[in-house]
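What the coordinates show
Here is how the chains run, residue by residue.
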Amino acid sequence: MRFFVLFITILLCSNTIKAQRLYSESGDFYEKSKRSVVDHAKLGVFYELKFRKDSTKLDDYTEAQTVLMVSDKHLLFSDYNRLAFDSINDYLASSKQNKKDQKAREEWMQAIKKWTFFFVTLTDLEEQKTTVQTYDVLRSYEYTYPTPQMDWQLVSGDSIINQRACKKAICSFAGRNYIAWYTETIALPYGPYLFTGLPGLTMMKVAIGFLQIMGSERCLNTVTCIFIKKCISKI
């Protein structure tokens with residue numbers, strides 16, 4: 001996919017996800033999504049996410065390419081293809097000539113097909129509040145609440161992830177146990193979704209849940225850093 005904007009301005013969409021898809025069945029009409037710009041990213045951390053939509057289906061994993069956008073005051077975690085969709089859609093909507101760009105239209109369709117993780121979190125680091133947007137087949141919704149504080153325990157263990165030395169930490173949150181690997185070579189206490197508070201950037205997170213039907217703990221999802229890029233956007 002051609003990246004129209006590799007590091008996208010941190011956005012919080014003011015309308016529902018359903019309303020974002022403003023196009024005709026023939027693909028000849030595009031309209032810019034209504035959004036509010038709240039900040040500009042300085043760093044993009046790309047994660048490969050593998051998750052089970054149904055925790056009882058042990059081998060049925062869905063994959064998504066996600067990104068954590070980091071600025072001085074905000075964090076945004078989203079499916080990368082959602083952000084790509086927004087960017088390409090706005091490009092197509094900007095002029096009659098652009099909407100005829102067949103390559104862009106193909107990439108626009110690919111972004112929709114590859115968009116598999118339907119949650120977006122925007123964390124205000126100063127106010128310590130997080131806004132979550134999501135939707136399913138029946139509804140779309142958004143809510144804001146105090147950012148959870150994770151009670152991490154730093155434990156023995158080390159690993160190498162993406163060529164960076166990592167240390168191990170564990171915590172329990174919302175009925176699940178989590179293992180995280182963080183790197184002190186990037187002194188940012190941030191990670192995917194709501195997981196912050198470690199002495200370095202989270203490079204990998206594993207969620208483990210207890211399945212009563214199996215009588216044992218099983219891996220529910222994993223998030224692994226695949227690469228990190230500094231943004232060239234002005235702050």
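Here, every reference points to the structure presented above.
These lines cover the structure that appears in this document, whether it is placed above or below. Worth saying up front: this structure is predicted, and the values here are computed from it rather than measured.

Focus on the overall build of the chain
When helices and strands are tallied, the chain shows 3 helices and 13 strands. Among the 235 residues that make up the chain, the fraction classed as buried is 45%. As displayed, the chain offers around 12,600 Å² of accessible surface, 51% of which is attributable to carbon and sulfur atoms.

Here we look at the pairing of strand 6 (residues 119-124)
Sheet topology places strand 5 (residues 74-79) next to strand 6; 4 bridges connect them, and they run antiparallel. The partner of Phe77 across the bridge, within strand 6, is Thr121. Direction of pairing for strand 6 relative to strand 7 (residues 129-135): antiparallel, over a ladder of 6 bridges. Paired with Val120 across the bridge in strand 7 is Gln133. Linking strand 6 back to strand 7 in an antiparallel pair, the connection comprises 4 residues, with Gln128 at a positive phi of about 55 degrees.

Quick look at helix 2 (residues 80-93)
Two residues of an α-helix separated by three or four positions point the same way, owing to the 3.6 residues in each turn. When the terminal C-alpha atoms of helix 2 are compared, their 20 Å separation across 14 residues agrees well with the 20 Å that a helix rising 1.5 Å per residue should span. A large share of helix 2 lies buried, amounting to 12 of its 14 residues. Of all the residues in helix 2, the buried ones are Tyr80, Asn81, Arg82, Leu83, Ala84, Phe85, Asp86, Ser87, Ile88, Asn89, Asp90 and Leu92. Backbone nitrogen of Asn81 and a side-chain oxygen of the N-cap are separated by 2.8 Å at the start of helix 2; the cap is Asp79.

A short note on the packing of helix 2 against helix 3 (residues 102-114)
For the pair helix 2 and helix 3, interaxial distance at closest approach is 9 Å and the crossing angle is 155 degrees. Between helix 2 and helix 3, the interaxial angle falls into the category roughly antiparallel. Of the two possible hands of crossing, helix 2 and helix 3 adopt the one that is left-handed. Of the residues in helix 3, those in contact with Asn81, Ala84, Phe85, Ile88, Asn89, Tyr91 and Leu92 of helix 2 are Ala104, Arg105, Glu107, Trp108, Ala111, Ile112 and Lys114. Of the residues contributing to the contact of helix 2 with helix 3, the split by class is 9 nonpolar, 2 polar and 3 charged.

Things to note about the pattern of salt bridges
Here the structure, examined in full by the defined rule, presents 2 salt bridges. One salt bridge in this structure joins Asp72 and Lys42, with 3.0 Å as the shortest N-O distance. Of this pair, Asp72 sits in the loop between strand 4 (62-70) and strand 5 while Lys42 sits in the loop between strand 2 (35-37) and strand 3 (43-51), placing them 30 residues apart in sequence. Asp72 sits in the exposed class, given a relative accessible area of 54%. Between Glu184 and Lys167 there is a salt bridge, and its shortest N-O distance comes to 3.2 Å. With a gap of 17 residues between them, Glu184 in the loop between strand 11 (176-183) and strand 12 (201-211) and Lys167 in strand 10 (residues 164-173) connect regions that are remote in the sequence. Among the residues examined, Glu184 registers a relative accessible area of 44% and is labelled partly exposed.

Examining helix 3
Spanning 13 residues, helix 3 covers 18 Å between terminal C-alpha atoms, matching the ideal 18 Å at 1.5 Å per step. Those residues of helix 3 not exposed but buried are Ala104, Arg105, Glu107, Trp108, Ala111 and Ile112. Seen along its axis, helix 3 keeps its buried residues to an arc of 165 degrees; they face one direction. For helix 3, the secondary structure elements touched by its buried residues are helix 2. Of the residues that open helix 3, the one with a side-chain oxygen 3.1 Å from the backbone nitrogen of Lys103 is Asp101.

Some remarks on the state of the cysteines
Applying the stated criterion to the full structure yields 0 disulfides. Cys166 carries a free sulfur, and the closest cysteine sulfur to it, the one in Cys225, is 8.6 Å from it.

Considering unusual backbone geometry
If a residue is not glycine, its phi is most likely negative; likewise, a peptide bond is most likely trans. Residue Asn162 is not a glycine yet carries a positive backbone phi of 55 degrees. Within the element layout of this structure, Asn162 appears in the loop between strand 9 (153-161) and strand 10.

Quick look at the nonpolar core
Within the largest apolar cluster, 21 residues are counted, with the highest numbers of intra-cluster contacts made by Val45, Tyr47 and Leu68. Taken together, the elements giving at least two residues each to this core come down to strand 3, strand 4, strand 5, strand 12 and strand 13 (216-230). Looking at this core element by element, the count peaks at 5 residues for strand 3. Leu76, Leu83, Phe85 and Ala111 belong to the second largest nonpolar core, which has 18 residues in total.

Parameters and conventions
Residues numbered from 1 in each chain as written. Predicted model: local features only at pLDDT ≥ 70, side-chain atom pairs only at ≥ 80, totals over all residues. Heavy atoms only, no water. Helix = DSSP H or I, 4+ residues; strand = E, 2+ residues; numbered from the N terminus. Buried < 20%, exposed > 50% of the residue type's maximum accessible area, 1.4 Å probe, protein only. Areas by Shrake-Rupley, 256 points an atom, 1.4 Å probe, with all protein chains shown as cover. Pairing = 2+ DSSP bridges. Expected span 1.5 Å × (residues − 1). Polar contact = N/O pair within 3.5 Å; in protein donor to acceptor, adjacent residues only side chain to side chain. Axes fitted to C-alpha atoms, helices over the stretch in contact; angles between N-to-C directions. Parallel < 35°, antiparallel > 145°, perpendicular 65-115°, else oblique. Left-handed = near helix turned anticlockwise from the far one by under 90°. Contact = heavy atoms within 4.5 Å. Nonpolar A, V, L, I, M, F, W, Y, C, P; charged D, E, K, R; others polar. Salt bridge = Lys/Arg side-chain N within 4 Å of Asp/Glu carboxyl O. Arc of directions from axis to C-beta. Disulfide = S-S within 2.5 Å. Core = buried A, V, L, I, M, F, W, Y, C linked by side-chain atoms within 4.5 Å.

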